[in-house]
Structures are given as C-alpha cells and as structure tokens.
Amino acid sequence: MAKKVKMNAKQFGLWIEEQAGAKSRLGPGRTDCVVNIDHIELGKFAALYAVDSATGLVVVELVSSFASEDQAWQALQDESRPAHPPRFYAEWVGEQYLTDKTAQVEQLLI
C-alpha cells in the first residue's frame, strides 16, 4: 500500500491553482496565493498563504477580501494585515469555501 504523502507549501500552491483557479507564488518558507472569489463576493479576491511546519502544513487566510488581484498580492506582503488564526491544512481544507464554486453567502441584516 502506498504511503500517503503529506501536503507541503509548494504542493498546496499547485493544488489550489488546480482546484480554485488561484495564482500562487512560492517564496522563502511559504506559498502565497490569491483566489478570485466572484462566486462568493462579486469582483473580489481572497489572499492566503501556506507554511510548512514541523507538525504539518499550516494555512493562513487574510481577514479582508480585496477589490483587485494587485491589492491582494500587496496585502500578503504587509505583515500587519489582520489574518484568521493559522489552521492545519487537514482542518482548513474540510471547511474552506474557495474551491467550492457552488458556495454562496447570504447577507444577514441585523
């Protein structure tokens, strides 16, 4: 039986490009990714990155969505940008919406 290979940051970039049409950039210690999220928020982009750790791949999504691909890439360079807490890939992949083209968000008026 073949041993299951753990996802790493480089593989994550290739995976999210294939699954979500994302663009990724392999950098030192992490892979930055920008995803068009028209299916969730028309004309917006999500920014996230994946980092290899001793205990497995960690995924971090920035809190905001961005009006352009360039703004999303710029936000990934800004270390002070708010981000959701880091999550291990195995947990994140089961709950993420970026690759689900049928996902929809309903606005709640309070």
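Residues numbered from 1 in each chain as written. Predicted model: local features only at pLDDT ≥ 70, side-chain atom pairs only at ≥ 80, totals over all residues. Heavy atoms only, no water.

Secondary structure summary: the chain contains 3 helices and 5 strands in total. Ordering the α and β elements of the chain from the N terminus gives α-β-β-β-β-α-β-α. Burial status across the chain gives 35% buried among its 110 residues. Only carbon and sulfur atoms are counted for the fraction: they give 53% of the accessible area of the chain, which is about 7300 Å². (Helix = DSSP H or I, 4+ residues; strand = E, 2+ residues; numbered from the N terminus. Buried < 20%, exposed > 50% of the residue type's maximum accessible area, 1.4 Å probe, protein only. Areas by Shrake-Rupley, 256 points an atom, 1.4 Å probe, with all protein chains shown as cover.)

With that out of the way, let us pick up helix α1 (residues 9–20). Residue pairs three or four apart in sequence face the same way in an α-helix, which turns once every 3.6 residues. Given a rise of 1.5 Å per residue, 12 residues ought to cover 16 Å, and the 16 Å separating the end C-alpha atoms of α1 matches this to within 8%. The distance from a side-chain oxygen at the start of α1 to the backbone nitrogen of K10 is 3.1 Å, and the residue carrying that oxygen is N8. One or two residues past the end of α1 sits G21, with phi positive at roughly 70°. (Expected span 1.5 Å × (residues − 1). Polar contact = N/O pair within 3.5 Å; in protein donor to acceptor, adjacent residues only side chain to side chain.)

Applying the stated criterion to the full structure yields 4 salt bridges. R30 serves as the salt-bridge partner of D32, at 2.6 Å between the closest nitrogen and oxygen. Residue D32 shares its accessibility class with R30, and that shared class is buried. Connected through shared salt-bridge partners, R87, E91 and E95 make up one network. (Salt bridge = Lys/Arg side-chain N within 4 Å of Asp/Glu carboxyl O.)

The next point concerns the nonpolar core. By size, the foremost hydrophobic cluster in this structure holds 18 residues, and its most contacted members are F12, I16, V35, L48, Y89, W92 and L98. Within the residue set of this core, elements represented by two or more residues are α1, β2 (30–36), β3 (45–53), β4 (56–61) and α3 (89–95). Take this core: its biggest share by element is 5 residues, from α1. One finds F45, A47, V60 and W73 within the second-largest nonpolar core, a separate group that totals 12 residues. (Core = buried A, V, L, I, M, F, W, Y, C linked by side-chain atoms within 4.5 Å.)

Under the definition given, this model contains 6 aromatic pairs. When the ring of F12 is compared with that of Y89, the centres are 6.1 Å apart and the planes differ by 85°; the resulting orientation is edge-to-face. Of this pair, F12 sits in helix α1 while Y89 sits in helix α3, and the two are 77 residues apart along the sequence. Seen from their ring centres, Y89 and W92 are 6.4 Å apart, and the 35° between their planes marks the pair as tilted. (Phe/Tyr/Trp six-rings, centres within 6.5 Å; stacked < 30°, edge-to-face > 60°.)

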